[in-house]
Protein chains: 2
Amino acid sequence: MPAPTPYLQVDLARMRRNVRDAAERAGVAMVALRPHAKTHKSVEIARLQLSSGAAGLTVATIGEAEVFVRHGCTDVFIAYPLWLDDRAAGRLRDLSNRAAVAFGVDSVAAAANAGRLLGGTDVEVLVEVDSGQHRTGCPPDDAGQVAAVAARAGMRVRGVFTFPGHAYSPGGAATAAEDERRALAAARDAVQAHGLDVRVVSGGSTPSLWDTDTRTVTEVRPGVYVFGDAQQWELGTMAPEDISLTAVATVVSHAGGRAVLDAGSKVLGADRAPYATGFGRLLDHPDARIAALSEHHAVVDLGGAPLPRLGETVRVVPNHVCAAVNLADSLWVEEHGSLRAWPASARGRNG
Amino acid sequence: MPAPTPYLQVDLARMRRNVRDAAERAGVAMVALRPHAKTHKSVEIARLQLSSGAAGLTVATIGEAEVFVRHGCTDVFIAYPLWLDDRAAGRLRDLSNRAAVAFGVDSVAAAANAGRLLGGTDVEVLVEVDSGQHRTGCPPDDAGQVAAVAARAGMRVRGVFTFPGHAYSPGGAATAAEDERRALAAARDAVQAHGLDVRVVSGGSTPSLWDTDTRTVTEVRPGVYVFGDAQQWELGTMAPEDISLTAVATVVSHAGGRAVLDAGSKVLGADRAPYATGFGRLLDHPDARIAALSEHHAVVDLGGAPLPRLGETVRVVPNHVCAAVNLADSLWVEEHGSLRAWPASARGRNG
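Because the structure is predicted, anything quoted here is derived from the model rather than measured. Starting from 1, residues in each chain are numbered consecutively following that chain's sequence as written. Lettering for chains starts from A, numbering for ligands starts from 1, and both go in the order in which the items are written. Confidence filtering applies because this is a predicted model: local features only for residues at pLDDT of at least 70, side-chain atom pairs given and counted only at 80 or more, and all residues used for totals across whole chains, interfaces and linings.

Student: Describe the domain arrangement of chain A, and please don't skip the residues or the numbers.
Tutor: Residue and element names in this part refer to chain A. Domain assignment breaks chain A into domain 1 (12-224) and domain 2 (231-319). Residue ranges assigned to the domains are those given by an automatic or database domain assignment. One C-alpha centre belongs to domain 1, the other to domain 2, and the line joining them spans 33 Å. The contact criterion used is a C-beta to C-beta distance within 7 Å, with each C-beta placed from the backbone. Contact residues are listed per partner, giving 9 residues for domain 1 and 8 residues for domain 2. Amino acids are sorted into nonpolar (Ala, Val, Leu, Ile, Met, Phe, Trp, Tyr, Cys and Pro), charged (Asp, Glu, Lys and Arg) and polar (every other residue, Gly among them). Within the side of domain 1 that touches domain 2, the residues separate by chemical class into 5 nonpolar, 3 polar and 1 charged.

Put into structure tokens, the structure is as follows:
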């Protein structure tokens, strides 16, 4: 055992297969694959993705971009509506000396602010539009005006993007992909109507990935697909046989006739989507559910399977793998029975 | 600004007041205060607690114990039903060369296993009993048998403990404290009936802390009281004026007419108890609620307060402060207008 439980373990063969399969399918669809590295936070996995044909990386923060550029990535898109101050602008300028760098703007105010601080530099912007998740992003029809303000202020406008996050609901992927197509097409047209070139139309999420309309979308940004998690399992987007990351946990108690594991929310994360059937699942016991979760305890209802022995280890599938990885210093990567640690290099780089 | 937002900030004056107030009240009640360090993970805060009269520290894992003992703490109780293997037993033996060390057992099997690996050493055990949370812990009447098995196997039995976690419900504190009293008294009597001394009867949680029956309970183990959080605010256990830790976040978007902040679940944690009114609150806007939370976005419904400007920073109160601290590398401690970083030294020490 590499570390005391609980720890995160990656099945390298499965993970490689997920990386290659997505790259191959993107290639066939002639859409650029720009995986979201916030999921894995690992330089080693980013290299696997890039050497399998990814066009560049997506990240969520300037801090994540700095980690991946420092380790050799030459193309990062911060798919987030940054609000820049002098320091943030300086960090982006530094990054742009070593890599192609782009980030999101979702309002005229943000576009003007970006232009004031970064106009005339190589840093590019994409206009974020709301395709139905109702989180960030301007209405698609406003994308032209936002892009025009950015361009007038000296920013290079690369294109438009959205995150169809409402694909995270049972049966929601196809509808979300259609919303995404409609929003991105409208945004593209609105930007072009201002006489600006739209080089990239960027979308995609793991659940909606293969529903994406690749006549409209030129680039997809899935993250979770490398590992899978209980959310993807329950949405039917990934089969348990494709899940490559689990938390290895020890059964520490049989209190109340249930199995209590030492992997709690400080290892698995506390995410529980409305459609989730529990706080996580066991890879080797499909009927089991984590019925209660606290910081260092997962109380498992085995669903009829025999109670694992005290001291036995089990493989837990976190609900949301991005949250689990963000809690770990290292991923323990298993290949041919041996384990090695890959650091979660971008963990905690939230700003 | 000490770091790019989002970051965690501690108001040192408030935090000190919380530490001292609890120490004073425990002193008056003649109950030992053994604060749970999993909340803050900070050596500096542990020292404040110990120099204010805490009897020792509570921790959740061997890894946390190692950090605090390495930094000079001489008395740690791992309030967790560890299932020992050779390695875990070795780590506990090493710790016991430098500090008083105790941990939990909640079954005859665990007691026998502990005795097999640690019998005859200075490491002590306390029997965990379930007082109504239904997580771990044996029934109170079984505590005598568990203690007797441990003692026969050569373990030193310190006493009994429980965590009345069901105090975390609106109006639940007094009932949970009464359940705690009953369970601990029964457990104490059951252990004594086996001819064993019960030196410590340990309970307490932040919500139930001052409802604890200090004629029965000899030691309390609150954690959250140093900082407070939105859970304590909503349970009515702590007033917003006593909350000493906030996440400082920037307004990055006004999409949909709401304020979107850059502090998401990767900074605040995703905990949302059934009674919670949102995913977190704003310290300076009591009517505001985080209506939606994703990894890097908090969508705030201001509850009628004016929309903060783009680029403005706000102070977010996480729902569950233990989860937020476990995501941070450092706490930024503010005193007299200046800020310094205290490392979250025990962050990620989950095993």
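Student: Any chance you could break down helix α3 (residues 62-70) of chain B for me, citing the residues and the numbers?
Tutor: Residues and elements named next belong to chain B. For the exposure call, what matters is how many other C-beta atoms sit within 10 Å of a residue's own: 20 or more marks it buried, 12 or fewer exposed, and in between partly exposed, using C-beta atoms placed from the backbone. Helix and strand labels come from DSSP, where a helix needs a run of H or I of at least four residues and a strand needs a run of E of at least two; each type is numbered from the N terminus. Summarising burial for α3: 7 of the 9 residues are buried, a large majority. Residues of α3 that are buried: I62, E64, A65, E66, V67, F68 and V69. Contacts from the buried residues of α3 go to α2 (43-51), β3 (57-59), β4 (75-81), α4 (86-96) and β5 (100-105). The first or second residue beyond α3 is G72, which carries a positive phi of 105°.

Student: Lay out the packing of helix α6 (residues 143-152) of chain B against helix α7 (residues 173-193) of chain B with the relevant residues and their values.
Tutor: Residue and element names in this part refer to chain B. Viewed as axis vectors pointing N to C, α6 and α7 meet at an angle of 45°, and their least axial separation amounts to 7 Å. Looking at the two axes, α6 sits oblique to α7. In the crossing of α6 with α7, the sense of the turn from one axis to the other is right-handed. Counted together, A143, G144 and A147 of α6 and A187, A190, V191 and A193 of α7 form the full contact between these two elements. Residue classes in the contact of α6 with α7 are distributed as 6 nonpolar, 1 polar and no charged. Fitted lines through C-alpha atoms give the axes, limited to the stretch in contact for helices. The angle between two N-to-C directions lies from 0 to 180 degrees. Here roughly perpendicular refers to angles of 65 to 115 degrees, roughly parallel to angles under 35, roughly antiparallel to angles over 145, and oblique to all remaining angles. Handedness of each helix crossing follows the sense of rotation of the near helix against the far helix: counterclockwise by less than a right angle gives left-handed, clockwise gives right-handed.

Student: Outline the interface of chain B and chain A, listing residues and values.
Tutor: Residue-level contacts link 55 residues of chain B with 54 residues of chain A. Counting only elements with at least two residues in the side of chain B that touches chain A, the list comes to β4, α4, α5 (108-118), β10 (245-253), α9 (265-268), β13 (289-294), β14 (297-301) and α10 (321-325) of chain B. Of all the elements, β10(B) adds the most residues to the side of chain B that touches chain A, at 4 residues. When its residues are assigned to classes, the side of chain B that touches chain A shows 25 nonpolar, 20 polar and 10 charged.

Student: Break down the nonpolar core for me, with residues and values.
Tutor: For this analysis, nonpolar core means a set of buried Ala, Val, Leu, Ile, Met, Phe, Trp, Tyr and Cys residues linked through C-beta atoms within 7 Å. Judged by nonpolar contacts, the single largest core of 232 residues is most densely connected at A:F68, B:F68, B:V127 and B:A298. Setting aside chain neighbours within four positions, we find A:F68 in contact with A:A37, A:V43, A:A46, A:L57, A:V59, A:C73, A:V76 and A:A346.

Student: Explain the pairing of strand β8 (residues 200-203) of chain B to me, using residue names and the numbers behind them.
Tutor: All names here are of chain B. Where burial is concerned, the two faces of β8 agree: the one with V200 and S202 and the one with V201 and G203 are both buried. Handedness rule for crossovers: strands pointing away from the viewer, path from the first strand over the helix to the second running clockwise, crossover right-handed. Once the chain exits strand β7 (residues 156-161) it traverses α7 before rejoining the sheet at β8, and the crossover so formed is right-handed. Here the rule is simple: two strands pair whenever DSSP picks up at least two bridges between them. When β8 meets strand β9 (residues 219-220), the two strands line up parallel, connected through 2 bridges. By the bridge assignment for β9, S202 is matched with E219.

Student: Tell me what's going on with the sheet that holds strand β8 (residues 200-203) of chain A, and back it up with residues and numbers.
Tutor: Strand order across the open sheet formed by 8 strands is β2-β9-β8-β7-β6-β5-β4-β3 (chain A), with parallel pairing between neighbours. Looking at strand neighbours, the two that pair on one side only are β2 (32-33) and β3 (57-59) of chain A, the edges of this open sheet.

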